[in-house]
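Given next are the chains, with one letter for each unit.
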Amino acid sequence: MKLNITLLCLLSFLQVSAQDFIQSPFQGVNLGVPVVADFDGDGELDVLGIQFSLTGFNKLVLQLNTPGNTPIEFENKVLDFEFSPLGTPALGDLDGDGDLDVIVAQHTDQQLYLIENDGAANFTKVALNIFDARDLQVIDLDGDSDLDIVGINTTDNTGNIYFNDGNQNFSTVAIPVLANGDLEYFDIADIDNDNDLDLILAYDQPSGNHILLYLNDGANNFSETKVVTNTFSGVNDLKVQDLDGDGLQDIIAIRSFSCAIFRNQGNYSFENAVLAMGADLLRRVTIGDYNGDGRMDFILSTNGDGMTWNQNISNSPLSFEQKSISGITPALSIINADLDNDGDQDLIVSNGDFWWLENQIPQAPVSITDLTPTSLAVFPNPFTDIVQIKNLPAGLYQYRITDLQGRQVLLSQTNSTELDLSSLQKGIYFLNLTNTFTQAVQYAKIVKQ
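Not measured: the values here are computed from a predicted model. (Residues numbered from 1 in each chain as written. Predicted model: local features only at pLDDT ≥ 70, side-chain atom pairs only at ≥ 80, totals over all residues. Heavy atoms only, no water.)

Broken down by element type, the protein carries zero helices and 37 strands. Against the compact-globule benchmark of 22 Å for 449 residues, the protein has a radius of gyration of 21 Å, which places it among compact chains. If you line up the protein on its principal axes, its C-alpha atoms span 55 × 50 × 50 Å. Counting across all 449 residues of the protein, residues that qualify as buried make up 56%. Long-range contacts, defined as pairs at least 24 residues apart, comprise 47% of the intrachain contacts of the protein with a sequence gap of at least 6. With the model as given, the accessible surface of the protein reaches about 17900 Å², and the carbon-plus-sulfur share is 48%. Each charge class in the protein was averaged separately, 19 positive and 62 negative side chains, and the resulting centres sit 5 Å apart. (Helix = DSSP H or I, 4+ residues; strand = E, 2+ residues; numbered from the N terminus. Rg over C-alpha atoms; globule rule 2.2 N^0.38 Å. Buried < 20%, exposed > 50% of the residue type's maximum accessible area, 1.4 Å probe, protein only. Contact = heavy atoms within 4.5 Å. Areas by Shrake-Rupley, 256 points an atom, 1.4 Å probe, with all protein chains shown as cover. Lys, Arg positive; Asp, Glu negative; His and termini not counted. Charge placed at Lys NZ, Arg CZ, Asp CG, Glu CD.)

Pasting the structure below:
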C-alpha cells in the first residue's frame, strides 16, 4: 500500500497571528545538551547541561526553576567537580532513592560518572569504572528492574551496553556496530512489540547502511536488520516514536533539507516518506503532543531559518500543518518539558546559549479525520505503583506510557481497570489507552511519586 502523507506547508513557513510559543529573553547562559528533571523536589522541572569551554574544563551547570514565578525564572548553579564532562548526559535513579541522578562521561578518558542527587539538588560525583561512551541513555534493557546504561562513542565508532547487577556494578557488552561506519545517533524502543527493547543506529556516511535495527530476542542477543541503505546519507538526527498512533514505533530522521518517516508496517518492514522540507539545513527534530489532542506532532530546527511546529492534524492519512514558532538558530538541542506546570509541553532549546519556549497553544481536541481522543479519568493521581481507571468499558486495551520528552517507556495490553506501573521511575508521564476493537483513544497525564 502506497503511503499517503499530505503536508499542508513545506517550503514556506505559515505565519499565524496567534502566538503558539513565547520565547524567553536572552539569558546569556552557556548551556549545551541539557536534561530536564525536578532535581530539588519542589515540584518544578529544572534543567541541567554542560557548559563548554575552549580553554579549560567543561562544567555541569544546573538551572533551578524558581517555584511560582510567572514568567518562568531560573537560578544558576555551577556543579564544580573538577572534571570535564562531555557528550550527552542521561537521567536515571541509579541509587534507588526516589530522585533522579545524572550519568555523564569524562572528557579525557571517557569514563562514566554517576552525579548522585540527594533529592535537594546537592550532588556527589561517583566513578562507575566503565568507559568508552559519551552519548548516553539510561533504561532497564534486560528487564531485571534495575537501570542499565547504553551509549555510543561517535569518535571511535563504538557502542556499548553496560548491564547493572542492581548494585551499580556493570558488565560491558559491545553493540555490534559497523566496522567501517560513521556512527552518529541511536535510540531505543520496542520496534516489534514483543515487550523487549531493540536498538536503532544511524550512520552518517555517503553510501552503504544508513539506519540499522538491532532486534532483541528477549535475552539481549541482537540481530541486524537493514532499514535504510544507500538512500539516506548525511543523517543529522534520529528519533523513534509512534508518530501515526497505530501502536507501532516509527523511525523519524532528518538529513540535509528533509525530515522523513520510516513508517513501521510490522514484520520488520518500513515505508519511507518525506514529512517536511526546510528552506535551510535541518538540524534537530523532537516529537511530542503540543496541543493536547492525543496525536504526536514534531518540532524542527534549522541551521539559519528558525524553528517550526509541525502539527499533526490527521493520523489517517498522516497530515501536518507547519508553523514558524521561533527564530532561534541553530537549535542544536530541543527537549520537551512542562516548565510552568500548566499541563502542556514547553520547549528547552540550546545552541550554546540556553532558551525556553513557553507553550501557549490552546489544549483542546481539534477536528480531524480520524477518531478524536478523549480524556481518561484515573486515580490516584499522583500514584505510587497502581493506577485505577474510572468508567472503563469492558474490552482489550493497548496502553502506552510516554515521558515528558515524548519517548515511549512502556507498551502493553490489559483487559483490567487496574494498571501496575511500579516499574516506572518517579516523574510525569502521559498515558494513552486504545481500545483494540473500536480504536477509540483515551489519554491522561499521570504523576509517579
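Evaluated as defined, the whole model comprises seven salt bridges. For D80, the salt bridge goes to K59, with nearest N and O atoms at 3.9 Å. One end of the pair, D80, is in the loop between β6 (74-79) and β7 (85-92); the other, K59, is in strand β5 (residues 59-65), and 21 residues separate them in sequence. Note that R263 is salt-bridged to D244, the shortest N-O span being 2.4 Å. Residue R263 is found in strand β21 (residues 258-266), and its partner D244 is found in the loop between β19 (235-241) and β20 (250-255); the two are separated by 19 residues along the sequence. There is no split in this pair, since R263 and D244 are both buried. (Salt bridge = Lys/Arg side-chain N within 4 Å of Asp/Glu carboxyl O.)

Within the open sheet, the three strands sit side by side as β31-β32-β35. Their pairing is antiparallel. Bordering the open sheet on either side are β31 (378-379) and β35 (418-420), each of which pairs with just one other strand. Both strand β32 (residues 386-389) and β35 contribute to a ladder of three bridges, which runs antiparallel. Bridged to Q388 within β35 is E418. (Pairing = 2+ DSSP bridges.)

Tallied over the entire structure, the rule returns 10 aromatic pairs. Taken together, a centroid distance of 6.3 Å and an interplanar angle of 70° make the contact between F21 and Y290 edge-to-face. Here the residue F21 occupies a position in strand β2 (residues 21-23), and Y290 occupies one in the loop between β23 (282-288) and β24 (297-302), the gap between them amounting to 269 residues. Residue F21 shares its accessibility class with Y290, and that shared class is buried. (Phe/Tyr/Trp six-rings, centres within 6.5 Å; stacked < 30°, edge-to-face > 60°.)

Further remarks concern empty space enclosed by the protein. Empty space left among the atoms is revealed by rolling a probe the size of a water molecule over them. The full count for this structure, using the stated rule, is two cavities of 30 Å³ or more. Size it by volume and the largest cavity reaches roughly 40 Å³. Lining of the largest cavity is provided by N58, K59, L60, L79, D80, F81, E82, F83 and P85. Split into classes, the residues belonging to the lining of the largest cavity amount to five nonpolar, one polar and three charged. (1 Å grid on protein atoms, 1.4 Å probe; cavity = no way out; pocket = protein on both sides within 12 Å on 5 of 7 lines; lining within 4 Å. Points joined across faces, edges and corners; volume = space filled by probe spheres on them. Nonpolar A, V, L, I, M, F, W, Y, C, P; charged D, E, K, R; others polar.)

Our next topic: the side chain of Q322. Relative to the helices and strands, Q322 is located in strand β26 (residues 318-326). Side chain to side chain, Q322 and N310 meet in a polar contact 2.8 Å long. (Polar contact = N/O pair within 3.5 Å; in protein donor to acceptor, adjacent residues only side chain to side chain.)

The element strand β27 (residues 333-337) is largely enclosed, with a buried count of five among its five residues. Two elements, β27 and strand β28 (residues 346-350), share five bridges in a ladder whose sense is antiparallel. Within β28, the residue paired with A337 across the bridge is D346.

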